[in-house]
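Each chain, letter by letter, is given below.
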Amino acid sequence: MNETTHDVTAVRQAKLAALRSEGQDPFSAHCEQSHSSQEAKHVFEQDPETLLTVSVAGRITAFRLMGKAAFINILDRDGTLQAYVSADGLGQEAYATFKKLDIGDILGLTGTLFKTQAGEITLKAQAYTLVAKSLRQLPEKWHGLSDSEHIYRQRYLDLIVNQDSRKRFQLRSRILQEIRRFLWDRSFTEVEGPVFQSIPGGAAARPFETHMHALNCNFYLRISLELYLKRMLVGGFDRVFEMGRVFRNEGLSRRHNPEFTMIELYQAYTDYRGMMRLVYDLLQHLCTQVLGSTQVHRPDGLAIELGGTWREISYKQAILEATADSQWFSRSPQEKLEACKKLGIQVDPKLQDHEITHNVFEKCIEPTLIQPTFVTHIPKELCPLAKLNPQDPSVLDVFELCINGQEIAPAYSEQNDPFIQKTMFAAQVGEDIQNMDQDFITALEYGMPPAGGMGIGIDRLCILLTGAANIRDVILFPSLRPVGGGGES
RNA sequence: GGGUUGGUAGCUCAACGGCAGAGCAGUGGCCUUUUAAGCCAUAGGUUGUGGGUUCGAAUCCCUCCCAACCCA
């Protein structure tokens, strides 16, 4: 190398050019992978005597060169494998070329397995193929990447060098897999509703708007999965679920990303009580199948126990306890606002009566619900899609499952009376009658079976189960402002 | 939207008004059981951006950009 040795990219491009001039393809398409790193270790442990030839492939993450031999670490989908590469094994000529490889290059390696003096299962290389020359320098091996912006913008680097991150996203995939398996085992059908909706229903949230040229009209991105899954109930799919992305054009925070993943499921001929059992069983399934434990730990070390019996409390009871006021629900809005001040929470005085109470729930109660808690029977004003409780028609036959100070899963006895549903919608949309999903009412008029329904925030569930501190730690590519501050102000 | 903190070599971090440094990575050597390999040598900087104060600015002040945390 010459005067440009300080520029790593230039050095590597020179190496690339040298390989090409020798007639080698630095991006060879051919590479055999008979075993992953962990599979290779496993077969060796099963039978250390037989000299089995294996082919592994992956990225060089460490290069320890010692004259006529070198140890390298190869990173692949399930971990790392050490390889021992020597002039003896490869031949003088191939070894001379091998020595010029870099950390970051992707290789295929073929050889036999052995155990080093230090006891590590290692591949003794007989041949290698360079399949991708890396032209850029990887982040440091020991500290990895720690700059959060860098981690989110170039997640691929985070995944290469930060093993915690790699494991967390593998765990997320396992969680999704086991949720599906759990529901498939209970005869649920997975379906897919529309992302573009002319009336974004099923929740109260500010939607994203977009224009569809083919139909020359505006659509919203869905904010919930609910109304189309209920149409599936009408259509006779009496156990359905959808797991997918929903979009809410609201704030970003430690707990919110504008696009996030939800699962919603609907089971006919049951109710919110059935959903309680289902979500409990689901969490037990995830604990045993994915975590191997019913206990999870937050970043601050606090333990959350997901086994055993979960606490259940009614919304009203929770409010009475939090406010220490047995007459709370007969107080005037002014009295409630005064009480909120004493509780130390800021509440917008323009809010309606039930919204003031709900502020108490969100700010004083929900954050304290660390261990799993079913909060049942929320006031009817908070949701238009659930059935009223027959004994107390001011509340709904619903629960919100709270864990880790967050709402993880709301579930309802679903409203299937088209007259009540229409009244509830009308109260919600007020004058904006065109914002009512009339086709949904029509569907209910054909008859929807009684059903229990539930939504689970997958990202929050992953935060809980992986012990993550931030929603961005469980979303591969979280929403960020484009580099250079693109877009309007 | 408000407040706080941060942005320095490829990465992780020092320097906090007076010559911009270290470790790893890189480059050139030595080294056939290492594993944050080791030893010797060596290159690498428009200190996020634009302005200001100053004899002198990475450092102090202001604008803007990006991010994190807290609050709304």
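These numbers come from a predicted model, not from an experiment.

**Student:** Just checking my understanding: could you explain the sheet that holds strand β7 (residues 196-197) for this structure?
**Tutor:** In any sheet, the strands associate via hydrogen bonds between backbone groups, in a parallel or an antiparallel arrangement. Pairing within the open sheet is antiparallel, and its 3 strands lie in the order β7-β9-β8. Looking at which strands have only one partner, the edges of the open sheet turn out to be β7 and β8 (209-212). The sheet contact formed by β8 and strand β9 (residues 217-221) spans 4 bridges and is antiparallel. Opposite H211, over in β9, you have N218 as the bridge partner.

**Student:** Explain empty space enclosed by the protein here, please?
**Tutor:** Under the defined criterion, the tally for this structure stands at 1 cavity of 30 Å³ or more. The calculated volume of the largest cavity comes to roughly 40 Å³. In terms of lining, the largest cavity is formed by V43, F44, D47, T50, L51, L52 and L113. Residue composition of the lining of the largest cavity, grouped by class: 5 nonpolar, 1 polar and 1 charged.

**Student:** Explain the domain arrangement of chain A here, please?
**Tutor:** The parts lose accessible area when they come together, and the size of an interface is often stated as this lost area. In terms of domains, chain A is made up of domain 1 (3-138) and domain 2 (160-310 + 371-473). One C-alpha centre belongs to domain 1, the other to domain 2; they are set 46 Å apart. Counting from both sides, the interface comprises 5 residues of domain 1 and, opposite them, 4 residues of domain 2. Considering only the side of domain 1, the residues that lose the most area to domain 2 are L75, R77 and L138, jointly responsible for 71% of the buried surface there. Partitioned by chemical class, the residues of the side of domain 1 that touches domain 2 number 2 nonpolar, no polar and 3 charged.

About the thresholds
- Residues numbered from 1 in each chain as written.
- Chains lettered and ligands numbered in written order.
- Predicted model: local features only at pLDDT ≥ 70, side-chain atom pairs only at ≥ 80, totals over all residues.
- Heavy atoms only, no water.
- Pairing = 2+ DSSP bridges.
- Helix = DSSP H or I, 4+ residues; strand = E, 2+ residues; numbered from the N terminus.
- 1 Å grid on protein atoms, 1.4 Å probe; cavity = no way out; pocket = protein on both sides within 12 Å on 5 of 7 lines; lining within 4 Å.
- Points joined across faces, edges and corners; volume = space filled by probe spheres on them.
- Nonpolar A, V, L, I, M, F, W, Y, C, P; charged D, E, K, R; others polar.
- Domains from an automatic or database assignment.
- Contact = heavy atoms within 4.5 Å.
- Buried area = accessible area lost by both parts, 1.4 Å probe.

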